[in-house]
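These are the residues of each chain, in order.
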Amino acid sequence: MLSESMEKKLIEAICFSPKNPVGPCLHSVDHINLMNELASEEQQEAFLAHLRSCPDCSQATMEFIVAEDHLKTPEGKAQMKVFRDRFREVEEGGIEGFM
C-alpha cells in the first residue's frame, strides 16, 4: 500500500519532470518496490531522480498508482481473485496450452 510520504515523493517527482531522462528506465518490479518502499534509500533516490526526468516512467508510475487504487474496490478484488485462481491452476498444470 502506498504510504503518504511515498505518495508525496512520487507526485513531486512525476509533476516536475523535465524531459531529459537520468539513468535507466524503471522496470515493473522497480515501480512496485518504490511504491511499497521495498527499495533501499539509495535505490529510491535513483528511481525518484529518474522519474523527475522521464515522462514515460512517470506515466507508468501513475498507471501503477491507478491500478493499485482499483484493486481496493470490490470489482478489483474480484478480478484479483480470478487472477489468483487462474494462476494457481497454471501452477498445478490444470490449464493446457497456457504459456
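Residues numbered from 1 in each chain as written. Predicted model: local features only at pLDDT ≥ 70, side-chain atom pairs only at ≥ 80, totals over all residues. Heavy atoms only, no water.

Digging into the environment of methionine 62
(1) Moving on: Within the secondary structure, methionine 62 sits in helix 4 (residues 55-71).
(2) Moving on: On the basis of relative accessible area, methionine 62 is assigned to the partly exposed category, the value being 33%.
(3) Moving on: As a C-alpha pair, methionine 62 and histidine 31 span 31 residues in sequence and 9.8 Å in three-dimensional space. (Helix = DSSP H or I, 4+ residues; strand = E, 2+ residues; numbered from the N terminus. Buried < 20%, exposed > 50% of the residue type's maximum accessible area, 1.4 Å probe, protein only.)

What about the pattern of salt bridges?
(1) Moving on: Applying the stated criterion to the full structure yields three salt bridges.
(2) Moving on: Residue aspartate 69 pairs with lysine 72 through a salt bridge whose shortest N-O separation is 3.7 Å.
(3) Moving on: You can call aspartate 69 partly exposed: its relative accessible area is 41%.
(4) Moving on: The closest approach of N and O atoms between aspartate 85 and arginine 88, which form a salt bridge, is 3.1 Å. Of this pair, aspartate 85 and arginine 88 both sit in helix 5 (residues 74-91), three residues apart, roughly one helical turn.
(5) Moving on: Using a relative accessible area of 27% as the deciding quantity, one classes aspartate 85 as partly exposed.
(6) Moving on: One connected set of salt bridges, linked through shared partners, spans Lys81, Asp85 and Arg88. (Salt bridge = Lys/Arg side-chain N within 4 Å of Asp/Glu carboxyl O.)

Considering helix 5
(1) Moving on: Taking 1.5 Å of rise per residue, the 18 residues of helix 5 would be expected to cover 26 Å, and the 26 Å separating its terminal C-alpha atoms lies within 8% of that figure.
(2) Moving on: Residue glycine 93 follows helix 5 closely and has a positive phi angle near 80 degrees. (Expected span 1.5 Å × (residues − 1).)

Considering the packing of helix 2 (residues 28-35) against helix 4
(1) Moving on: Where helix 2 meets helix 4, the closest approach of the two axes is 10 Å, and the angle between their N-to-C directions is 60 degrees. Classified by the interaxial angle, the pair formed by helix 2 and helix 4 is oblique. Seen from above, helix 2 lies across helix 4 with right-handed handedness. On helix 4, the residues touching Ser28, His31, Ile32 and Met35 of helix 2 are Cys57, Ala60, Thr61, Phe64, Ile65 and Glu68.
(2) Moving on: Residues that form the contact of helix 2 with helix 4 fall into these classes: six nonpolar, three polar and one charged. (Axes fitted to C-alpha atoms, helices over the stretch in contact; angles between N-to-C directions. Parallel < 35°, antiparallel > 145°, perpendicular 65-115°, else oblique. Left-handed = near helix turned anticlockwise from the far one by under 90°. Contact = heavy atoms within 4.5 Å. Nonpolar A, V, L, I, M, F, W, Y, C, P; charged D, E, K, R; others polar.)

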